[in-house]
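Residues per chain are reported as follows:
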Amino acid sequence: MAITSGRNFWCLCSSILLVATPPAAAETKLFESVQVTPAGEYTFGIEGPAADLDGNLFVVNFGRPGTIGRLPVGGTASELFTVLPEGSVGNAIRFDRIGTMFIADYKKHNIFAIPKGTAVPAVWFHSDEMNQPNDITIARDGTIYASDPNWKGREGYIWRIAKGTDGRVQGQVMSAPRAMGTTNGIDLSPDGKTLYVGESSSGQIWSYGIRGNDLVDAKLVKSFQPDTIDGLRTDVTGRLYVARILKGAIALMKPNGVVEREIALRAKEPTNLAFGGGDGKSVFVTQRQGGFIESFRTDQPGREHCLQRGRC
């Protein structure tokens, strides 16, 4: 979730930004970002991008809170995909290996599921014990890991949500070897053995081994300035792409924390990112400043692109 100085509010951004050349023209050069959609399409809460198997991109809060927009393959403008139940507001979207869309509803403490080929959300998991499900990532076996920050208390947790042996969906807070800050961006390594968690309050990214419901072997991967990181994703080589909110860049770094490059963006407030396109090498970035989507090409496909095709 983007940093909002402790306040929850929404607005349609009124900044006027020129729409750049569609992403196809950017494919000739790597790591050069271009604006894809018009300014103001999404609210201040633009977040949670995710691409399906067909290459359509889905983003939360299209036009108003509680909606999900869809950017068709090769498109330069989004369209309404679905509306969440009254009072629910999405913050993250992910797809599993069979094409089910999962949405984290931070307002009502739900994880919604939308089966492939439909647009009707149904509650897949709910817990009043959550502060909020913020960002989520999905493992090969369908297990969901959800960050759960307490922004006011500047602390957070990780939830593990999965079907039990009786077929019922169960969720619980994972035990951890250290007290966490405001848990935000989250993703898995390509082999599914390591969970990366960004903590916005400290600006730190940590890695953990996964042992059932326990997080183990905590390692500090990288320290950025406090309150300057948001969503993160991994590619098939294990590199991390980190949204540097307020810095106007995506940090591309190795699993050991060495930053390979910083990818300059068109606006200064990236909230999250997702891999898409036919080869999984197009990175789409949600921009809070201006309420639009931008995109750049990279040299490796994303982990989720690989996962959805049964290769990871």
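Above this note sits the structure.
Being a predicted model, the structure only gives us computed values, none of them experimental. Here the residue numbering is sequential within each chain, running from 1 through the sequence in written order. It should be noted that, the model being predicted, local features are given only for residues of pLDDT at least 70 and side-chain atom pairs only at 80 or more, the latter also being counted only at that level, while totals for whole chains, interfaces and linings use all residues. No hydrogens and no water enter the side-chain calculation; it runs on all heavy atoms of the structure.

### Points about the pairing of strand E6 (residues 90-95)
Item 1. Counting buried positions along E6 gives six out of six residues, so the element sits mostly inside the fold.
Item 2. Direction of pairing for E6 relative to strand E7 (residues 101-105): antiparallel, over a ladder of five bridges. When the sheet's bridge partners are listed, isoleucine 93 is paired in E7 with isoleucine 103. Burial status follows relative accessibility: with a 1.4 Å probe on protein chains alone, a residue under 20% of its type maximum counts as buried, one over 50% as exposed, and anything between as partly exposed. Each helix is a run of H or I in the DSSP string that is no shorter than four residues. Each strand is a run of E no shorter than two, and both are numbered from the N terminus. Pairing between strands requires that DSSP locate at least two bridges from one strand to the other.

### What about unusual backbone geometry?
Item 1. Positioned with a positive phi, arginine 154 is a non-glycine residue whose angle comes to about 55°.
Item 2. In this structure, arginine 154 sits in the loop between strand E11 (144-150) and strand E12 (155-163).
Item 3. In this structure, aspartate 217 takes a positive phi of about 50° despite not being glycine.
Item 4. As for its placement among the helices and strands, aspartate 217 is situated in strand E17 (residues 214-223).

### Side note on the state of the cysteines
Item 1. When the sulfur atoms of two cysteines come within 2.5 Å, that pair is taken as a disulfide. Taken as a whole, this structure holds one disulfide when the rule is applied.
Item 2. Cysteine 306 shares a disulfide with cysteine 312; S-S distance 1.8 Å. With the S-S dihedral at roughly 95°, the linkage between cysteine 306 and cysteine 312 falls on the right-handed side.

### Remarks on the packing of aromatic side chains
Item 1. Stacked, tilted and edge-to-face are the three classes assigned to paired rings of Phe, Tyr and Trp, where Trp is represented by its six-membered ring and a pair needs centres within 6.5 Å; plane angles under 30 degrees give stacked, over 60 edge-to-face, the rest tilted. Inspection of every chain in the model, using the stated rule, returns six aromatic pairs.
Item 2. Ring centres of phenylalanine 58 and phenylalanine 95 lie 5.7 Å apart, and the angle between their planes is 55°; this geometry places the pair in the tilted category. On the criterion of sequence distance, the pair formed by phenylalanine 58 in strand E3 (residues 57-62) and phenylalanine 95 in strand E6 is long-range, its members being 37 residues apart. In this pair, the class of phenylalanine 58 matches that of phenylalanine 95, namely buried.
Item 3. Plain terms: the ring middles of phenylalanine 102 and tryptophan 124 are 5.0 Å apart, the flat faces sit at 70° to each other, and that makes the pair edge-to-face. With phenylalanine 102 in strand E7 and tryptophan 124 in strand E9 (residues 122-126), the pair connects residues that are 22 residues apart, well separated along the chain.

### Remarks on the pattern of salt bridges
Item 1. Whenever Lys or Arg places a side-chain nitrogen within 4 Å of a carboxyl oxygen from Asp or Glu, that contact is recorded as a salt bridge. Inspection of every chain in the model, using the stated rule, returns 14 salt bridges.
Item 2. A salt bridge links lysine 29 to glutamate 32; its shortest N-O distance comes to 3.3 Å.
Item 3. Note that aspartate 299 is salt-bridged to arginine 239, the shortest N-O span being 2.5 Å. With aspartate 299 in the loop between strand E24 (292-297) and helix H1 (303-308) and arginine 239 in the loop between strand E18 (232-234) and strand E19 (240-244), this residue pair connects regions lying 60 residues apart in the sequence.
Item 4. Taking the relative accessible area as the measure of exposure, arginine 239 reaches 8% and is therefore buried.
Item 5. In this structure, a network of salt bridges that share partners links the residues Arg94, Asp187, Arg233, Arg303 and Glu304.

### Structural notes on the side chain of asparagine 134
Item 1. Its location among the elements puts asparagine 134 in the loop between E9 and strand E10 (136-138).
Item 2. On the accessibility criterion, asparagine 134 (0% relative accessible area) is buried.
Item 3. Nitrogen and oxygen atoms within 3.5 Å of one another constitute a polar contact, given that in protein one can donate a hydrogen and the other can accept it, and given that sequence-neighbouring residues count only through two side-chain atoms. In this structure the side chain of asparagine 134 is engaged in a polar contact, spanning 2.4 Å, whose partner is the side chain of asparagine 91.

### What about the nonpolar core?
Item 1. For this analysis, a nonpolar core means a set of buried residues of the types Ala, Val, Leu, Ile, Met, Phe, Trp, Tyr and Cys, connected via side-chain atoms within 4.5 Å. Phe102, Ile111, Phe125, Ile136, Ile144, Trp159 and Ile161 are the most contacted members of the largest nonpolar core, which has 13 residues in total.
Item 2. Elements supplying a minimum of two residues to this core: E7, strand E8 (110-114), E10, E11 and E12.
Item 3. Throughout, a contact is declared for two residues whenever any of their heavy atoms are within 4.5 Å. Apart from residues lying up to four places away in sequence, isoleucine 144 is in contact with Phe102, Ile111, Trp124, Ile136, Thr137, Ile138, Trp159, Arg160 and Ile161.

### Brief notes about the environment of glycine 198
Item 1. As for its placement among the helices and strands, glycine 198 is situated in strand E15 (residues 194-199).
Item 2. Here glycine 198 falls in the buried class, since its relative accessible area comes to 0%.
Item 3. For the pair formed by glycine 198 and isoleucine 114, sequence separation is 84 residues and the distance between their alpha carbons is 27 Å.
Item 4. Apart from residues no more than four positions distant in its own chain, glycine 198 is found in contact with Thr182, Thr183, Asn184, Gly185, Gln204, Ile205, Ile229 and Leu232.

Keep in mind these values describe shape, not function.
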